[in-house]
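Below are the chains, spelled out letter by letter.
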Amino acid sequence: MTSKQRAYLKSLAMTMDPVLQIGKFSMTPELTGAVQEALDARELIKINVLKNCADDPRAIAEMLAERTHSQVVQVIGKKIVLYKEGKNEKKKIELPR
């Protein structure tokens with residue numbers, strides 16, 4: 001992913017509300033499944049890490065990206081933005097070249 005594409009995705013994510021929240025149980029198989037479903041439906045998602053989660057948001061983002069075959073767009077504070085390109089018929093976001 002180029003820096004231009006990453007900047008474009010960041011601009012799209014600024015107006016989004018978080019679709020998932022990660023709490024004190026942190027990484028669970030159910031959370032990974034929910035992230036996968038959200039990525040399949042939306043391509044770009046924002047996740048909120050709650051204060052009672054002891055894990056580092058950057059580490060959580062990397063683990064989620066690895067498990068869902070997606071890319072980390074950004075991690076700011078307790079907010080994570082992930083992107084996974086959709087299949088041809090479900091593709092919604094057109095990245096700049």
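In this numbering scheme, every chain counts its residues from 1 along its sequence in written order. Reporting of local features is limited, given that this is a predicted model, to residues whose pLDDT is at least 70; pairs of side-chain atoms are given and counted only at 80 or more, and all residues count toward the totals for whole chains, interfaces and linings. Neither water nor hydrogens contribute to the side-chain values; these are computed over all heavy atoms in the structure.

- Within an unreviewed UniProt entry, the label attached to the protein reads Ribosome assembly RNA-binding protein YhbY, and the organism entered is Sellimonas intestinalis.

### Focus: the environment of Q71
Item 1. Along the polypeptide, Q71 turns up in strand 3 (residues 71–76).
Item 2. Those residues in contact with Q71 that lie beyond four places of it in its chain are M1, V81, L82 and Y83. Each helix is a run of H or I in the DSSP string that is no shorter than four residues. Each strand is a run of E no shorter than two, and both are numbered from the N terminus. Here a residue-residue contact requires only that any non-hydrogen atoms of the pair lie within 4.5 Å.

### Details of the sheet that holds strand 1 (residues 20–22)
The strands making up a sheet are joined through hydrogen bonds of the backbone, oriented either antiparallel or parallel.
Item 1. The strand order 1-2-4-3 describes an open sheet built from 4 strands, whose pairing is mixed. Edge positions in the sheet fall to strand 1 and strand 3, since each of these pairs with one other strand and no more. Adjacent strand axes in the sheet meet at a mean angle of 25°, parallel and antiparallel pairs treated alike.
Item 2. Two strands qualify as a pair provided DSSP detects at least 2 bridges between them. Pairing of strand 1 with strand 2 (residues 44–49) involves 3 bridges; the strand directions are parallel. In the strand pairing of strand 2, L20 is matched with I47.
Item 3. What counts as an axis is a line fitted to C-alpha atoms, over the stretch in contact for a helix, and the angles between N-to-C directions run from 0 to 180 degrees. Here helix 2 (residues 29–42) sits on the sheet and contacts strand 1, strand 2 and strand 4 (79–83); the angle it forms with strand 2, its principal contact strand, is near 150°.

### Overview of the nonpolar core
Item 1. Within the largest apolar cluster, 19 residues are counted, with the highest numbers of intra-cluster contacts made by I22, V35, I47, I60, L64, I80 and L82.
Item 2. Leaving out residues up to four positions away in the same chain, I22 has contacts with L31, I47, N48, V49, L50, C53, I60 and L64.
Item 3. Listed in part, the 8 residues of the second largest apolar core include L9, L44, Y83 and I93. Grouping buried Ala, Val, Leu, Ile, Met, Phe, Trp, Tyr and Cys residues that are joined through side-chain atoms within 4.5 Å yields what is termed a nonpolar core. Only protein chains enter the area calculation, which uses a 1.4 Å probe; residues under 20% of their type maximum are buried, those over 50% are exposed, and those in between are partly exposed.

### As for unusual backbone geometry
A negative phi angle is the norm for most residues apart from glycine, just as the trans form is the norm for most peptide bonds.
Item 1. Look at S26: it is not a glycine, yet its phi comes out positive at around 55°.
Item 2. If you trace the backbone, S26 turns up in the loop between strand 1 and helix 2.
Item 3. Relative accessible area serves as the criterion here: at 11%, S26 is assigned to the buried category.
Item 4. A positive phi angle, near 55°, is found at H69, a position not held by glycine.
Item 5. Considering the arrangement of structural elements, one finds H69 in the loop between helix 3 (57–68) and strand 3.

### So, the side chain of Q5
Item 1. Residue placement: Q5 occurs in helix 1 (residues 3–14).
Item 2. Judged by its relative accessible area of 16%, Q5 falls in the buried class.
Item 3. Only 3.0 Å separates the side chain of Q5 from the backbone nitrogen of T2, close enough to count as a polar contact.
Item 4. Contacts of Q5, omitting those with residues within four sequence positions, involve L95 and P96. Pairs of N or O atoms within 3.5 Å make up the polar contacts considered here, provided that, within protein, one atom can donate a hydrogen while the other can accept it, and that residues adjacent in sequence are counted only when both atoms are side-chain atoms.

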